[in-house]
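Here's the letter readout for the chains.
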Amino acid sequence: SQLPPFNDNNKDRMPSEMSNSVMQLFENLSNGTFQNIVVCTGAGVSTAAGIPDFRSKGGLYETLVRDYGDSFPQAKLHPEWLLSRSFAKAYPDVW
């Protein structure tokens, strides 16, 4: 059975019904019923967990430039290039 999407149409559901749906969701996640899952979040999720964002001091871009900037000088201007599909195709051994 599929869970209904959570939206304003479901706002009149009883809390116990929502609780059952949430429990069913967790059960289906843990038992492998759902195989392909996409989670869409904002940037604040990682930073709230203490993971630096891409551009902040100590963030991913600074780390990439430090670790790969000498080998790939263009990364010093555009560190996001190291995360691109074109980079991965051109340098599969680095990936």
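Residues numbered from 1 in each chain as written. Predicted model: local features only at pLDDT ≥ 70, side-chain atom pairs only at ≥ 80, totals over all residues. Heavy atoms only, no water.

Moving on: the overall build of the chain. Helix and strand content of the chain: four helices and zero strands. Counting across all 95 residues of the chain, residues that qualify as buried make up 14%. Excluding contacts between residues fewer than 6 apart, the proportion of contacts in the chain whose partners are at least 24 apart in sequence is 4%. Approximately 7,800 Å² of the chain is accessible, and the part contributed by carbon and sulfur atoms is 56%. (Helix = DSSP H or I, 4+ residues; strand = E, 2+ residues; numbered from the N terminus. Buried < 20%, exposed > 50% of the residue type's maximum accessible area, 1.4 Å probe, protein only. Contact = heavy atoms within 4.5 Å. Areas by Shrake-Rupley, 256 points an atom, 1.4 Å probe, with all protein chains shown as cover.)

This prediction gives the chain a mean pLDDT of 80; 80% of its residues lie at or above 70. Within the chain, helix H4 (residues 85-90) carries the highest mean pLDDT (93), whereas helix H2 (residues 44-48) carries the lowest (76). (pLDDT = per-residue confidence, 0-100.)

By size, the foremost hydrophobic cluster in this structure holds six residues: Tyr61, Leu64, Phe72, Ala75, Leu82 and Phe87. Those residues in contact with tyrosine 61 that lie beyond four places of it in its chain are Phe54, Arg55, Pro79, Glu80 and Leu83. (Core = buried A, V, L, I, M, F, W, Y, C linked by side-chain atoms within 4.5 Å.)

What follows covers the side chain of asparagine 28. Along the chain, asparagine 28 turns up in helix H1 (residues 15-31). Those residues within four positions of asparagine 28 in sequence are excluded, and the remaining contacts are Thr33 and Phe34.

Another aspect to go through is the pattern of salt bridges. Counting across every chain of the model gives two salt bridges. Put simply, aspartate 67 and arginine 66 hold a salt bridge, and the shortest N to O gap is 3.0 Å. Residue aspartate 67 is classed as partly exposed on the basis of its relative accessible area, which comes to 44%. Residue class for arginine 66 comes out exposed when judged on its relative accessible area of 58%. (Salt bridge = Lys/Arg side-chain N within 4 Å of Asp/Glu carboxyl O.)

All right, on to the packing of aromatic side chains then. The full count for this structure, using the stated rule, is six aromatic pairs. An angle of 65° between the planes, with centres 6.1 Å apart, marks the rings of phenylalanine 72 and tryptophan 81 as edge-to-face. When its relative accessible area of 9% is taken as the criterion, phenylalanine 72 is described as buried. An aromatic cluster of at least three residues, connected via ring pairs, comprises Phe72, Trp81, Phe87 and Tyr91. (Phe/Tyr/Trp six-rings, centres within 6.5 Å; stacked < 30°, edge-to-face > 60°.)

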